[in-house]
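Examining the three-dimensional arrangement
Each chain is listed here by its residues.
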Amino acid sequence: MGMLNDKETIEVPGSVLLLAQGRNEPLGLRNAPARTSHSSLPTGFFQEAPPHPLPDEEDVKKKTKDGQIILDPQPDDSRNDPLNWPTWRRDSALLSLGLYCMVGGGITPIIAAGFTDVASDYSINVADVSLTTGLYMMGLGIGCVIFSPTAILYGKRPVYLYSAILFILSAVWCALSPNFTSLILARIFQGIAVSPVECLPSATIAEIFFLHERAYRIGVYTLLLLGGKNLVPLVSAAIIERLGWRWVFWIVAMVVGFCGTLLFFFVPETFWDRSPIPRSRRHPKRPSLFSRRSSTRQVSKAHLHESAIPNGEKPAVDAGEEKPVENHYEPTSPISQPRHKRAHVGFAPGPDSESTFDSEHMHTSAITTPTGQAHATQSTSKDESRAVGEPMSSESPAKADSMPHTPRPVVSRSQSNSSAWSRANWESPGRLAQPTPVMRNFNSPYYRHVSDDYFSIEEGHSPRPAPGTVHSDTESEKMSFSNLGTITRGQAYTHALRNAPPKSFAQQLKVHYGRLNQDKWWKAAIRPFILFSYPAVLWSAAVYACSIGWLIVISESVAVIYREGSYKFNALGTGLVYISPFIGGVLGTAVAGRVSDVIVRAMARRNGGLYEPEFRLVMAAPMAVTTVIGLMGFGWSAGENDPWIVPTVFFGVVSFGCSLGSTTSITFCVDSYRQYAGEALVTLNFSKNIFHGLVFSLFVTEWLTHDGSKMVFIWLGIIQLILLLFTIPMYIYGKRARMWTVRKNFLEKF
């Protein structure tokens, strides 16, 4: 297909093998680096279909009421899980947030139709008034860097509410500004306040809706945001015409106050940690004397003599003895045998006595030793590069085969929403607690085979621990999650909600829930900037910045062309021009996704069913045609004093092409680095606001006044064409560039 493969491997992260409808096989998972910090956007976990489905596996997974769709992600059984909220609750959160985003999205060019009025009030040039837009976009870029890591650490609800308060204050400041300097400063703070509108709503939607519900809801959010960018300036133009430009900000403060009230009552905290606790690949450390003694107390002497010690052998007394003891008993139940410390990881016989299993459905085995010590599983650096789930070599194959196996319950990635508490007891080295059943619907067939022995301890059959406590070896270790290195604050927060009764409407109004993640704020803030070293992200950032930026440039020049030029429009007439880009944007958004998907499927079919993210770059061709023609046509027609409808139509053509560009850049970036989607969205928005919105606002209006619209927009069209020509090497070398970034691993080395 004209692309160069990597010289060393064909498995590059981002490539997907399209096996059948609804079943994909992502390649390169073993090469993909693991994240070292959290993201504002749920990155998700690939779910690979096993070659031999296990019995009743489809029945165990939760489905929609009609039973036709398997829910993705799988929700918890708790009513506090945002995915289990009533539909009206989730849709009201979407509409409340969408209305707030609609108002925030239209603030960028809100006084574009009144530039001449602002210049007259402050006795300055119209070209200088464009700084109110450029510096506002600078505030947007700064705010994304501030609020995105803050939302990761403290949740999205406090960020939304505090930003709404700052939004109201900045709007009042703009309305009361006594001079132009004060207005500029107010607009900068207004940009910071509005920035969560660009970087957080998509993550909120992903947290409260299932995968099959998101497309429609994302469409609603996109339509509201796009409508705000084009319809709010139209409304503001009518206000400027009747009441003056200051009243625009007074009305904005009132509307945002109403939106903030909706956010307070209908948008609760949506954070819910669904990430599984990965199994550590480090060699288990030699257990301390305290842990060995605590393990000995938990295993009854009768059980050790009857089951663990073979006939004719004496139990070892020396606790430091390393020699393993073989035993030949047959396990009676996969969950009735206690867990012991000498644990070797390997494959256990499956239902059909097969020796090979899919890596997602492997069993692990445990062997009993009288000393209670753990043998470190020997592995090399080559073994550590394998995908999680591959068998790890033990001391010798002969020893491994001669040792009895106690299979664990099957674990798959679809069970990633299981209790962090249960996984901690399951995965942590040296545990003797029985394996914890994965959180499922208690009416599912899975629990027909789960005995009540799990809810008892080896000695005494104590009752199930109370919610919020951690099952542990000894009483001294029954403390908090701080005892377990694998438990994060987010998982502890989620576990507390999972075991709590359903929260009432009033309880969900709480604003702040404390720190949800232990990541460093500055590290989360700097990660989006490191992504500029990734070629696919750099290309996407440049294209996205220009796709949105050219619309901002035109909005800054609307007053110069339509009000001060030969057309002599009033403020309302200038605002009505924005109907054209609104129509073009809606059409572009509707067409871009469908056409791109059709092209991608056709190219993947010709490529043997292998999808590459670079296939998305084919959309650069129609994007280049529409944006270049639209920019040059807009400037040429306005410079030649053609009828007002001609540049207005070209304005709509530019909006159509820019919608193609923004959609293509985002999909290509996310498909290339899905695990970094949250940081990448911040990178794209920062580029759009700073490198294009701010920079061009510093000179484009003055350039337009001196050289005329014809010369300016012809040069802008040439700049756009030169930029899009870099798509050709990106298409050819994109796959190699993706693998190069995986090997360098800049983001996780930081």
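Since the model is a prediction, treat every value here as computed from it, not as a measurement.

Along the chain, the regular secondary structure elements total 27 helices and three strands. With 750 residues in all, the chain has 54% of them scored as buried. Contacts in the chain between residues at least 24 apart in sequence constitute 79% of all its contacts with a sequence separation of at least 6. Counting every atom, the chain has about 33,400 Å² of accessible surface; 62% of that belongs to carbon and sulfur.

The next subject is the packing of helix 6 (residues 156–176) against helix 7 (residues 180–194). Helix 7 packs onto helix 6 with a crossing angle of 160° between their chain directions and a minimal axis gap of 8 Å. Of the possible angle classes, the one that applies to helix 6 and helix 7 is roughly antiparallel. When you trace helix 6 past helix 7, the crossing you get is left-handed. Contacts from Ser163, Leu166, Phe167, Ser170, Ala171, Trp173 and Cys174 in helix 6 reach Ser182, Leu183, Leu185, Ala186, Arg187, Phe189, Gln190, Ile192, Ala193 and Val194 in helix 7. Classifying every residue of the contact of helix 6 with helix 7 by side-chain character gives 12 nonpolar, four polar and one charged.

Moving on, we come to unusual backbone geometry. You will see that Ser123, though not glycine, has its phi angle at about 55°, which is positive. Relative to the helices and strands, Ser123 is located in the loop between helix 3 (115–122) and helix 4 (126–129). Of note, the phi angle at Asn641 is positive, near 55°, even though the residue is not glycine. Relative to the helices and strands, Asn641 resides in the loop between helix 22 (620–639) and helix 23 (645–672).

Here the structure, examined in full by the defined rule, presents 28 aromatic pairs. Between Phe686 and Phe691, the aromatic rings sit 5.7 Å apart at their centres with planes inclined by 90°, giving edge-to-face as the arrangement. Under the relative-accessibility criterion, Phe686 is labelled buried at 13%. Here the aromatic cluster, defined as three or more aromatic residues joined through ring pairs, consists of Tyr534, Tyr673, Tyr676, Trp740 and Phe746. One cation-aromatic arrangement involves Arg187 over Tyr136; the distance from NZ or CZ to the ring centre is 4.4 Å. Here Lys710 stacks its cationic end above the ring of Trp636, 3.9 Å away from the centre of that ring.

Looking at where Phe582 falls in the secondary structure, it is placed in helix 21 (residues 579–606). Between the C-alpha atom of Phe582 and that of Leu231, which follows or precedes it by 351 residues, the distance is 7.4 Å. With residues up to four places along the chain from it excluded, the contact list for Phe582 reads Leu226, Gly227, Asn230 and Leu231.

On the surface, Ile142, Ile146, Trp521, Trp522 and Ile526 cluster together to form a nonpolar patch covering roughly 430 Å² of accessible area. Mapped by element, the contributors of at least two residues to the nonpolar patch are helix 5 (131–154) and helix 18 (521–530). It is helix 18 that contributes the most residues to the nonpolar patch, three residues altogether. For Trp521, a relative accessible area of 37% puts it in the partly exposed group.

Per-residue confidence for the chain averages 73 on the pLDDT scale, and 66% of its residues sit at or above 70. In the model, residues 44–55 has pLDDT below 50 throughout and makes 23 contacts with residues more than four positions away in sequence or in other chains. In the predicted structure, residues 279–484 sits below a pLDDT of 50 and forms 309 contacts with residues beyond four places in sequence or in another chain.

Analysis parameters
- Residues numbered from 1 in each chain as written.
- Predicted model: local features only at pLDDT ≥ 70, side-chain atom pairs only at ≥ 80, totals over all residues.
- Heavy atoms only, no water.
- Helix = DSSP H or I, 4+ residues; strand = E, 2+ residues; numbered from the N terminus.
- Buried < 20%, exposed > 50% of the residue type's maximum accessible area, 1.4 Å probe, protein only.
- Contact = heavy atoms within 4.5 Å.
- Areas by Shrake-Rupley, 256 points an atom, 1.4 Å probe, with all protein chains shown as cover.
- Axes fitted to C-alpha atoms, helices over the stretch in contact; angles between N-to-C directions.
- Parallel < 35°, antiparallel > 145°, perpendicular 65-115°, else oblique.
- Left-handed = near helix turned anticlockwise from the far one by under 90°.
- Nonpolar A, V, L, I, M, F, W, Y, C, P; charged D, E, K, R; others polar.
- Phe/Tyr/Trp six-rings, centres within 6.5 Å; stacked < 30°, edge-to-face > 60°.
- Lys NZ or Arg CZ within 6 Å of the ring centre and 35° of its normal.
- Patch = residues over 30% accessible without salt bridge, like charges linked within 9 Å, V, L, I, M, F, W, Y side chains within 5 Å.
- Salt bridge = Lys/Arg side-chain N within 4 Å of Asp/Glu carboxyl O.
- pLDDT = per-residue confidence, 0-100.

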